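# Coordinates in review
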Amino acid sequence: MTTLISQETAQDIDQWLMDPSGGAFSIDQLMELAGLACATALQKTYQPCTHPKVLICAGPGNQGGDGLVAARHLWHFGYQPTLFYPKQTDKDLLFGFSFHGEPRPPFDAVINALNETTKPILSVDIPSAWDVEKGNVSGTFTPDSLISLTAPKLGSKSFKGTHWLGGRFVPPHIAQRFKLDLPDYPGSEQVRVLKETARTYDQGWPTAYGMHSPWISTQKGFASRSTTSLEDMHRLDSESNSESDGKSDARRNL
Ligand SMILES: NC(=O)C1=CN([C@@H]2O[C@H](COP(=O)(O)OP(=O)(O)OC[C@H]3O[C@@H](n4cnc5c(N)ncnc54)[C@H](OP(=O)(O)O)[C@@H]3O)[C@@H](O)[C@H]2O)[C@@H](O)CC1
């Protein structure tokens, strides 16, 4: 059975992944892989021919950085991504494994909006405003889909929707150190499904669920886009990452 990890373990693993004697990754590299996994999970759950427009709600931490990367990949996959990035700072990349307490402004209003929307939501790592270890104790929204990064968090145990695992960057010695029992990723896949609902179609095109092939869908997505260009996505990336204190910001290079 896939290991569920605590908030503290998630943060420890993150540090080990960047430690020179651990994974020796830079934060940029991890975010690139995490963002690619998020975009891939979304593409496997919601095709551009049926869900061409994606709203990415990006928060103030590293998960927000994953959101910027995911937006760029989604554009290349044929979607029309729009970034909502309130803190310079229906996809939820507000908070990840460092969320604690009650949502504070301006993010409380975003959570309220996610509570009210009827659009499908894909959350990343842990649905925003859920307790990382106890789950949806505040009775907020439940997303349709979730992608856990590295390993599922304890709070995702009760999640009933389509559940992906991504973040294919854990070297065996770190998995052993943290006693992580993680499923294998098939072939070159960036994500794998842990739990599937009828809406997910990870296998077989186009017979499963009557969808078009990814290639046809992508071409349709490109053809129908008019408002969001790659230049816009890169401009948003760089503008939204300008730090007022002049410190270097890993997200700026995404
Ligand atoms: N190894 C992996 O798996 C990798 C994981 N990655 C990704 O990183 C994510 C973890 O990133 P992270 O540590 O930066 O934390 P994250 O949750 O994005 O945000 C923290 C920010 O939120 C704020 N904040 C907290 N609570 C709040 C509240 N109630 N209301 C308002 N604000 C609140 C907090 O502010 P503070 O409370 O500290 O003032 C801080 O600014 C992880 O989930 C995954 O998506 C990849 O990028 C790399 C590899």
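One structure accompanies this document, and this report is about it.

Reading the values: the criteria
- Residues numbered from 1 in each chain as written.
- Predicted model: local features only at pLDDT ≥ 70, side-chain atom pairs only at ≥ 80, totals over all residues.
- Heavy atoms only, no water.
- Helix = DSSP H or I, 4+ residues; strand = E, 2+ residues; numbered from the N terminus.
- Buried < 20%, exposed > 50% of the residue type's maximum accessible area, 1.4 Å probe, protein only.
- 1 Å grid on protein atoms, 1.4 Å probe; cavity = no way out; pocket = protein on both sides within 12 Å on 5 of 7 lines; lining within 4 Å.
- Points joined across faces, edges and corners; volume = space filled by probe spheres on them.
- Nonpolar A, V, L, I, M, F, W, Y, C, P; charged D, E, K, R; others polar.
- Pairing = 2+ DSSP bridges.
- Axes fitted to C-alpha atoms, helices over the stretch in contact; angles between N-to-C directions.
- Contact = heavy atoms within 4.5 Å.
- Near = heavy atom within 4 Å.
- Polar contact = N/O pair within 3.5 Å; in protein donor to acceptor, adjacent residues only side chain to side chain.
- Areas by Shrake-Rupley, 256 points an atom, 1.4 Å probe, with all protein chains shown as cover.
- Sits in = over half its atoms within 2 Å of the grid points.

### Considering the side chain of S145
Examined against the element boundaries, S145 turns out to sit in strand β5 (residues 145-149). You can call S145 buried: its relative accessible area is 1%.

### Things to note about the layout of surface pockets
In this model, the largest pocket occupies a volume close to 650 Å³. Residue lining of the largest pocket: 34 residues in total, with N62, Q63, G96, F97 and S98 positioned closest to the centre. Among the elements of the structure, α1 (7-18), α2 (27-45) and α3 (62-77) are those that each provide at least two residues to the lining of the largest pocket. Examining the composition of the lining of the largest pocket, we find that six residues originate from one element, α1, more than from any other. Its residues assigned to classes, the lining of the largest pocket comprises 18 nonpolar, nine polar and seven charged.

### Observations concerning the sheet that holds strand β3 (residues 91-93)
Reading across from one edge, β2-β1-β3-β4-β5-β6-β7 is the order of the seven strands in this open sheet, with mixed pairing throughout. Across the chains shown, the open sheet's two edge strands, defined by having one partner strand only, are β2 (80-84) and β7 (191-195). Neighbouring strand axes in the sheet, compared pairwise and without regard to direction, differ in orientation by 20° on average. Where strand β1 (residues 53-58) lies against β3, three bridges are found, and the strand directions are parallel. Following the sheet pairing, A58 is matched in β3 by L93. Sitting on the sheet, α3 touches β1, β2, β3, β4 (122-124) and β5, and the angle it makes with β3 is about 145°.

### As for the site of the ligand
Neighbouring the ligand are 23 residues, the closest being D66, G96, S98, E102 and D125. D66 places a polar side-chain atom, nitrogen or oxygen, 2.6 Å from an oxygen atom of the ligand. One nitrogen or oxygen atom from the side chain of T150 is found 2.7 Å from an oxygen atom belonging to the ligand. The fraction of the free accessible surface of the ligand (950 Å²) that becomes covered by protein chains is 83%. Judged by the proximity of its atoms to the pocket grid, the ligand belongs to the largest pocket. Secondary-structure elements contributing two or more residues to the shell around the ligand are α1, α2 and α3.

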